[in-house]
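Topology and contacts: notes
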Amino acid sequence: MNIKKGDTVKVIAGKDKGAQGKVITVLREEERVIVEGVNLVKRHTKSVQQTNTTGGIITREAPIHVSNVMLVEGDGVTRVGFRRDEVTKRRPDGSTYEASRSVRVSRKTGKEI
């Protein structure tokens, strides 16, 4: 999945099209994300005396499919790509070795995200 927790995304489809927000949670198995202030739903809750919770109507964010959001970079949105970078890593005993790591990059500008 190309979207991570903390990313700023823009909704590109659905009832909240055009809205921007920060990703609160990523649900990998369901391929969905929860975005701050987007896809708000109302939940009717009962009051339970054993746990001392009060009832009422609660408004909260519901998950939205990851295909309906795009990552925001600068003024607009961009697709996400990956690049392998060669890095020098250090072992616990102090010796070093060459390895590669995966880096997210913007498809529009080619810069690291």
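Per an unreviewed UniProt entry, the protein carries the name Large ribosomal subunit protein uL24 and comes from Nocardioides cavernae. In UniProt, the protein has this text filed under Subunit (unreviewed entry): "Part of the 50S ribosomal subunit." UniProt, in the comment section headed Sequence similarities (unreviewed entry), describes the protein in these words: "Belongs to the universal ribosomal protein uL24 family."

1. Looking at the domain arrangement of the protein
As assigned here, the protein comprises domain 1 (1-78) and domain 2 (79-112). Averaged C-alpha coordinates put domain 1 and domain 2 at centres separated by 30 Å. Across the contact, 9 residues belong to domain 1 and 9 residues belong to domain 2. Here domain 1 meets domain 2 over a buried area of about 720 Å², counting both sides, of which 44% is carbon and sulfur. Of all residues in domain 1, the largest losses of buried area upon contact with domain 2 belong to Asn2, Glu73 and Thr78, amounting jointly to 63% of the total for that side.

2. Points about the pattern of salt bridges
Using the criterion set out here, one finds 3 salt bridges in the structure. Of the charged contacts in the structure, one is a salt bridge between Asp7 and Arg104, with a shortest N-O distance of 3.0 Å. Taken together, the residues Asp7 in the segment before strand 1 (8-11) and Arg104 in strand 10 (residues 96-106) connect sequence positions 97 residues apart. The same class applies to Asp7 and to Arg104, which are both buried. Residues Asp85 and Arg83 are paired through a salt bridge, measuring 3.1 Å at the closest nitrogen-oxygen approach. Overall, the relative accessible area of 34% leaves Arg83 in the partly exposed class.

3. Side note on the UniProt feature "domain: KOW" (unreviewed entry) in the protein
The feature "domain: KOW" (unreviewed entry), as given by UniProt, occupies residues 2-29 in the numbering adopted here. Span residues 2-29 is 0% helix and 43% strand, its end C-alpha atoms 14 Å apart.

4. Some remarks on the sheet that holds strand 3 (residues 32-35)
What the 6 strands build is an open sheet, ordered 6-3-2-1-7-8; its pairing is antiparallel. Looking at the sheet topology across the chains shown, the edges are occupied by strand 6 (64-65) and strand 8 (76-78). Bridge analysis of strand 1 against strand 2 (residues 20-27) gives 3 bridges, and the strand direction is antiparallel. Directly across from Val9, in strand 2, lies its bridge partner Gly21.

5. So, the layout of surface pockets
In this structure, the largest pocket occupies an estimated 150 Å³ of space. Along the walls of the largest pocket sit Asn2, Ile3, Val66, Ser67, Val69, Met70, Leu71, Thr78, Arg79 and Val80, which together make up its complete lining. At 3 residues, the largest contribution of residues to the lining of the largest pocket is made by strand 7 (residues 69-73). Split by residue class, the lining of the largest pocket holds 6 nonpolar, 3 polar and 1 charged.

Cut-offs used in this document
- Along each chain, numbering runs from 1 in the same order as the chain's sequence is written.
- Under the rules for a predicted model, residues below a pLDDT of 70 receive no local features and side-chain atom pairs below 80 are neither given nor counted, while totals for whole chains, interfaces and linings still include all residues.
- Hydrogens are left out, water is left out, and the side-chain values use all remaining heavy atoms of the structure.
- UniProt positions are given in the numbering used here, feature names are shortened, and annotations may be inferred rather than shown by experiment.
- Domain start and end points were adopted from an automatic or database domain assignment.
- Only heavy atoms enter the contact rule, under which two residues are in contact if any of them lie within 4.5 Å.
- Throughout, the accessible surface (probe 1.4 Å) given up by two parts as they are put together, summed over both, is called the buried area.
- Salt bridges are identified by distance alone: a Lys or Arg side-chain nitrogen within 4 Å of an Asp or Glu carboxyl oxygen.
- In this description a helix means any DSSP run of H or I spanning at least four residues, a strand means any run of E spanning at least two, and both kinds are numbered starting from the N terminus.
- Each residue is placed in one exposure class: buried if its accessible area under a 1.4 Å probe, protein chains only, is under 20% of its type's maximum, exposed if it is over 50%, and partly exposed if it falls in between.
- Following DSSP output, two strands are said to pair if at least two bridges run between them.
- In this analysis the probe radius is 1.4 Å and the grid spacing 1 Å, with only protein atoms considered; a cavity is a set of points the probe fits into but cannot get out of, a pocket is an open set with protein on both sides within 12 Å along at least five of seven lines, and lining residues have an atom within 4 Å of a point.
- Grid points are joined across faces, edges and corners, and a volume is the space filled by probe spheres set on the points.
- Gly is put with the polar residues, along with every residue not named as nonpolar or charged; the nonpolar set is Ala, Val, Leu, Ile, Met, Phe, Trp, Tyr, Cys and Pro, and the charged set is Asp, Glu, Lys and Arg.

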